[in-house]
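Analysis of the macromolecular model
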Amino acid sequence: MNIGLIGAACVLGLGAIGSGIGAGIAGMAAIGSWKRSYLNNKPASFLLVAFAGAPLTQTIYSFILMSRIINSTKDPLLLLAAGIMSGIAEGVSAMAQGKAAAAGCDAYGETGKGFANYIIVVGLCETVALFVLAFTFSAV
């Protein structure tokens, strides 16, 4: 048995768990914002979907890393450690992104202003996931 394959499973599983949690957090905020709009007879902004879906990309990055780990010939212990640690990092990035996106949903839903500023902060959380992808990809 190649224990490196456990790392491959961990990176995808942990990244996807974080994406699910982050998307859930952001999605609840989007729904709440839409509800507030409907109660005030205001149009509900479809732009909030961008916030709700933002944490899902970490699952894609985790899948790319999983594929890389599966095809790697490096030390199985390195692959196990890389899979676990990068999976945690991807997942935590997605959860943080979901929280930032939730704040963006609330702020934009309330004011109708500042979308670009809010999405930039959400993108900063994404940057962590991209760094993890790039650095882990080069290591394994």
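So, here's what we can say about the structure.

Criteria and cut-off values
Each chain has its residues counted from 1, following the order in which its sequence is written. Two thresholds apply to this predicted model, a pLDDT of at least 70 for residue-level local features and 80 or more for giving and counting side-chain atom pairs, whereas whole-chain, interface and lining totals are computed over all residues. To get the side-chain values, all heavy atoms of the structure are used, and hydrogens and water are removed first. Counting from the N terminus, the helices are the DSSP runs of H or I reaching at least four residues and the strands are the DSSP runs of E reaching at least two. Per-residue accessibility, obtained with a 1.4 Å probe over protein chains only, is compared with the maximum for each type, and a residue is labelled buried under 20%, exposed over 50%, and partly exposed between these values. Residues count as neighbours in contact if any of their non-hydrogen atoms are within 4.5 Å of one another. The method behind every accessible area is Shrake-Rupley, applied with a 1.4 Å probe, and residues are considered shielded solely by the protein chains displayed. When charges are counted, neither His nor the chain ends are considered; positive counts come from Lys and Arg and negative counts from Asp and Glu. Where a charge lies is defined by one atom per residue type, namely NZ (Lys), CZ (Arg), CG (Asp) and CD (Glu). Should a side-chain nitrogen of Lys or Arg be within 4 Å of a carboxyl oxygen of Asp or Glu, the pair is scored as a salt bridge. Orientation is described by lines fitted to C-alpha atoms, with helices fitted over the stretch in contact, and by angles between N-to-C directions that extend from 0 to 180 degrees. Convention used here: angles under 35 degrees read as roughly parallel, angles over 145 as roughly antiparallel, angles from 65 to 115 as roughly perpendicular, and any remaining angle as oblique. Residues are sorted three ways: Asp, Glu, Lys and Arg are charged, Ala, Val, Leu, Ile, Met, Phe, Trp, Tyr, Cys and Pro are nonpolar, and all the rest, Gly among them, are polar.

Secondary structure assignment for the protein chain yields five helices and zero strands. Its C-alpha atoms give the protein chain principal-axis dimensions of about 60 × 25 × 15 Å. Put simply, the protein chain has 140 residues, and 39% of those count as buried. Here the analysis covers contacts within the protein chain between residues at least 6 apart in sequence; of these, 87% occur between residues at least 24 apart. Approximately 7,200 Å² of the protein chain is accessible, and the part contributed by carbon and sulfur atoms is 75%. Within the protein chain, the 5 negative side-chain charges are centred at a point lying 7 Å from the centre of the 7 positive side-chain charges.

A few words now on the pattern of salt bridges. In this structure the tally under the stated criterion is two salt bridges. The shortest N-O distance in the salt bridge between Asp106 and Arg36 comes to 3.3 Å. On the criterion of sequence distance, the pair formed by Asp106 in helix 4 (residues 76–111) and Arg36 in helix 1 (residues 4–39) is long-range, its members being 70 residues apart. For Asp106, a relative accessible area of 40% corresponds to the partly exposed category. Between Arg36 and Glu110 there is a salt bridge, with its nearest N and O atoms 3.3 Å apart. With a gap of 74 residues between them, Arg36 in helix 1 and Glu110 in helix 4 connect regions that are remote in the sequence.

All right, on to unusual backbone geometry then. Even without a glycine there, the phi angle at Asn41 is positive, about 55°. With respect to the helices and strands, Asn41 occurs in the loop between helix 1 and helix 2 (48–53). When its relative accessible area of 74% is taken as the criterion, Asn41 is described as exposed.

The relative placement of two packed helices comes down to the angle between their axes together with the axis-to-axis distance. Running from amino to carboxyl end, helix 3 (residues 57–71) crosses helix 5 (residues 115–139) at an angle of 5°, the nearest separation of the two axes being 10 Å. As judged from the angle between their axes, helix 3 and helix 5 are roughly parallel. Along its contact with helix 3, which presents Thr57, Gln58, Tyr61, Ile64, Leu65 and Arg68, the element helix 5 presents Glu126, Ala129, Leu130, Val132, Leu133, Thr136 and Phe137. For the contact of helix 3 with helix 5, the residue count by class is eight nonpolar, three polar and two charged.

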